[in-house]
Amino acid sequence: MAKKGDTISMIDTLAEFKELKNIDKDTMINVLEESFRNVIAKMFGTDENYDVIINPEKGDFEIWRNRIAVKDGHVQDSNLQIPLSEAYKIDPSCEEGEEVTDEVHFADFGRRAILNLRQTLASKILELQKDNLFAQYKEMIGQIVVADVYQVWKKEILLLDDDGNELLLPKNEQIPTDFYRKGESVRAIVQKVDNDNNNTRILLSRTDKLFLQRLFELEVPEINDGLITIRAIARIPGERAKIAVESYDDRIDPVGACVGMKGSRIRGIVRELRNENIDVINYTNNTTLFIQRALSPAKVSSIRIYEDERKAEVFLRPEEVSLAIGKGGLNIKLASILTDYTIDVFRDIEEEIDDIYLDEFADEIDLWVIDALKNIGCNTAKSVLALKPEEIMEQADLEEQTVEEVIAILSKEFEEDEPIAENESVDGLVDDENEADYQTEASEEDYTEETSYEEITDNYPYDDFADDEPEDIISETEQDLGDEEKEE
């Protein structure tokens with residue numbers, strides 16, 4: 001039986017393991033029993049005839065050995081058999097062939113056995129601790145953890161969590177502008193947990209798109225509550241990201257909720273990601289409209305979708321092409337990742353010359369009608385006119401009268417821009433009927449003998465008489481009027 005001092009020590013030790021090593025009492029008792037049995041098996045070859053009893057409440061343990069009583073001098077294995085003479089001392093009523101149980105004090109096994117027990121117990125506790133750590137972080141994959149920088153290496157950073165567990169943040173999983181010093185706190189997601197050769201490796205990541213999603217869940221309560229769902233994410237770490245969100249409540253604007261009042265919610269996320277630009281767009285099942293939104297801030301003229309090839313051809317005005325492609329091709333690359341379509345961009349020169357954006361008709365068409373047309377991917381007048389009225393009514397959910405009025409307004413705009421008619425004079429820019437507008441009319445009634453030189457010259461816009469005398473001008477005018485009377 002263990003001594004009183006050992007009893008107190010064992011109770012304290014079990015409590016310490018539960019608090020510091022996160023190993024509960026029952027598990028620790030099983031580890032102790034298994035360790036005792038391993039030592040006994042090494043010493044005697046087997047532990048099958050031993051009973052190990054551990055009492056965690058009292059903090060003591062007992063070891064009992066079971067042997068068969070045989071005649072004196074016929075003992076072949078002292079570990080399994082006991083002479084009758086010794087058996088009578090333990091149980092006076094025993095007989096030959098019966099099982100006799102006696103208590104064994106572990107201290108009697110010697111110093112080597114105690115050291116062996118200590119080594120076995122430490123090994124099993126370490127193994128158990130690694131298994132618990134592996135199971136703990138295996139369940140945390142995809143979740144954000146906070147740890148402190150312990151050591152910075154060339155290819156990775158060693159972090160320690162609150163329990164002192166070692167975490168690794170590889171260089172390729174860091175944002176390019178990340179820079180940390182010892183003691184600084186780092187937020188990242190658990191990306192992978194390995195357990196090779198009973199050696200647990202916990203790998204973190206700050207470049208995974210799931211990290212961006214978890215940050216939004218922390219900053220936007222509506223996402224955490226399930227009112228807003230993140231449908232797709234495309235991200236180039238440290239540069240730019242696009243995220244498509246959808247609301248299940250019509251009263252909630254998903255984009256506005258994610259951005260926050262004056263950008264209050266998204267500002268913290270951008271700061272955590274080292275000023276990574278984030279575009280938040282509304283998700284829709286309409287592929288054309290979704291691609292159009294993914295290419296924002298560029299305004300798309302028209303889109304051709306090839307569902308079988310998962311390909312889209314996008315036509316834009318020349319000045320919008322650079323916006324659609326973005327700096328270094330980031331915008332179109334992110335749009336392709338977000339929509340899962342290969343996007344090709346083309347310059348639509350004809351649209352540039354002839355087409356007109358719907359926003360320019362805001363004084364004639366209600367804004368809610370324009371927004372409804374934009375929601376089906378029609379941003380320009382010709383894109384609306386290209387559709388049949390039935391298609392517009394079905395897709396935009398507009399009444400027939402409203403659609404007819406819109407088509408009439410848009411068609412009228414293009415009718416007013418018809419080219420010059422054939423009967424118009426192009427060379428002189430003046431037709432015969434309007435020729436009088438470009439020269440001064442002088443009739444007999446308008447002219448009197450008192451007409452002065454200044455009045456005549458004022459009535460004539462040309463400088464034909466610049467070199468003539470006043471009398472010559474008046475006489476020429478009289479002659480012209482006389483010729484007109486004769487013709488009449």
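For the structure itself, look to the data block above.
Worth saying up front: this structure is predicted, and the values here are computed from it rather than measured.

I tried to follow the overall build of the chain on my own but got confused; where do I start?
Along its length, the chain carries 18 helices and 15 strands. A buried classification covers 38% of the 488 residues belonging to the chain. Relative to all contacts within the chain whose residues are 6 or more apart in sequence, the contacts with residues 24 or more apart total 58%. Looking at the chain as shown, the accessible area adds up to about 30,200 Å², and 45% of this sits on carbon and sulfur atoms.

Is there a simple way to think about unusual backbone geometry in this case?
With the exception of glycine, most residues fall at negative phi, and the peptide bonds are largely trans. With omega at 15°, the peptide bond leading from Ser 296 into Pro 297 counts as cis. Topologically, Pro 297 is positioned in the loop between α9 (287–294) and β13 (300–306). Despite not being glycine, Asn 275 has its phi angle at roughly 60°, a positive value. Within the secondary structure, Asn 275 sits in the loop between α8 (264–272) and β12 (277–282). What makes Asn 275 exposed here is its relative accessible area of 60%. Phi is positive for Asp 340, which is not a glycine, with a value near 65°. Inspection of the secondary structure assignment puts Asp 340 in the loop between α11 (330–339) and β15 (342–347). Looking at Asp 340, the relative accessible area reads 52%, which means it is exposed.

Is there a simple way to think about the environment of Leu 358 in this case?
Looking at where Leu 358 falls in the secondary structure, it is placed in the loop between α12 (349–354) and α13 (367–375). Taking the relative accessible area as the measure of exposure, Leu 358 reaches 0% and is therefore buried. Between the alpha carbons of Leu 358 and Val 384 there is a distance of 9.1 Å; along the sequence they are 26 residues apart.

Would you mind showing me how to read the sheet that holds strand β11 (residues 240–247) here?
Two strands in a sheet stick together by hydrogen bonds in their backbones, pointing the same way (parallel) or opposite ways (antiparallel). Strands sit in the order β10-β11-β12 across an open sheet of three strands; the sheet is mixed. Edge positions in the sheet fall to β10 (228–236) and β12, since each has one partner strand and no second. For this sheet, the mean inter-axis angle between neighbouring strands, taken without regard to orientation, is 20°. The pairing of β10 with β11 spans eight bridges and is classified as antiparallel.

Help me out: how do you make sense of the pairing of strand β6 (residues 156–160) in this one?
Walk down a regular strand and you will see the side chains alternate between the two sheet faces. Judged by how many residues are buried, β6 sits mostly within the fold: four of five residues are covered. Note that strand β5 (residues 144–152) and β6 share four bridges and pair antiparallel. Residue Asp 148 lies in a different strand from β6, and its bridge partner there is Leu 160. Pairing geometry for β6 and strand β7 (residues 166–170), over five bridges, is antiparallel. Residue Leu 160 lies in a different strand from β7, and its bridge partner there is Glu 166.

Would you take a moment to explain the sheet that holds β15 for this structure?
Pairing is mixed across the open sheet formed by three strands, whose spatial order is β13-β14-β15. With partners counted over all chains shown, the strands left at the sheet margins are β13 and β15, one partner each. Taking each pair of neighbouring strands and ignoring which way they run, the sheet shows an average axis angle of 20°. When strand β14 (residues 311–316) meets β15, the two strands line up parallel, connected through six bridges. Residue pairing for β15: Val 314 is matched across the bridge by Val 345. Helix α10 (residues 318–325) rests against β14 and β15 of the sheet, and its axis sits at about 135° to β14.

Hey, could you run me through the nonpolar core in this one?
When a protein is soluble and globular, its nonpolar side chains tend to lie buried together. Ranked by internal contacts, the top residues of the largest apolar core, which has 24 residues, are Ile 291, Leu 295, Val 314, Leu 316, Leu 338 and Ile 343. Discounting residues that sit within four places of it in the chain, Leu 338 has contacts with Ala 232, Ile 233, Ala 234, Lys 242, Ile 243, Ala 244, Ile 281, Phe 290 and Ala 294. Grouped together as the second largest cluster of nonpolar side chains are 22 residues, Leu 212, Ile 228, Ile 230 and Ile 278 included.

Would you take a moment to explain the side chain of Asp 194 for this structure?
Checked against the element boundaries, Asp 194 lands in strand β8 (residues 185–196). For the buried Asp 194, which has no salt bridge, the nearest side chain bearing the opposite charge is Lys 192, at an N-O separation of 4.0 Å. Each residue touching Asp 194, except ones within four places of it in the same chain, is listed here: Phe 134, Asn 199, Thr 200, Arg 201 and Leu 203.

Would you mind going over helix α5 (residues 209–219) with me for this structure?
Those residues of α5 not exposed but buried are Phe 211, Leu 212, Arg 214, Leu 215 and Phe 216. Of the residues flanking the start of α5, the one acting as N-cap is Asp 208, its side-chain oxygen 2.8 Å from the backbone nitrogen of Leu 210.

So what exactly am I meant to see when it comes to the packing of α9 against α11 here?
In a packed pair of helices, the relevant descriptors are the angle between the two axes and the axis-to-axis distance. Packing of α9 against α11 leaves a shortest axis separation of 9 Å and a crossing angle of 145°. Crossing of α9 over α11 shows right-handed handedness. Where α9 abuts α11, its residues Phe 290, Ile 291 and Ala 294 lie against Asn 331, Ala 335, Leu 338 and Thr 339. Of the residues assigned to the contact of α9 with α11, the class counts are five nonpolar, two polar and no charged.

Criteria and thresholds
Residues numbered from 1 in each chain as written. Predicted model: local features only at pLDDT ≥ 70, side-chain atom pairs only at ≥ 80, totals over all residues. Heavy atoms only, no water. Helix = DSSP H or I, 4+ residues; strand = E, 2+ residues; numbered from the N terminus. Buried < 20%, exposed > 50% of the residue type's maximum accessible area, 1.4 Å probe, protein only. Contact = heavy atoms within 4.5 Å. Areas by Shrake-Rupley, 256 points an atom, 1.4 Å probe, with all protein chains shown as cover. Pairing = 2+ DSSP bridges. Axes fitted to C-alpha atoms, helices over the stretch in contact; angles between N-to-C directions. Core = buried A, V, L, I, M, F, W, Y, C linked by side-chain atoms within 4.5 Å. Lys, Arg positive; Asp, Glu negative; His and termini not counted. Salt bridge = Lys/Arg side-chain N within 4 Å of Asp/Glu carboxyl O. Polar contact = N/O pair within 3.5 Å; in protein donor to acceptor, adjacent residues only side chain to side chain. Left-handed = near helix turned anticlockwise from the far one by under 90°. Nonpolar A, V, L, I, M, F, W, Y, C, P; charged D, E, K, R; others polar.

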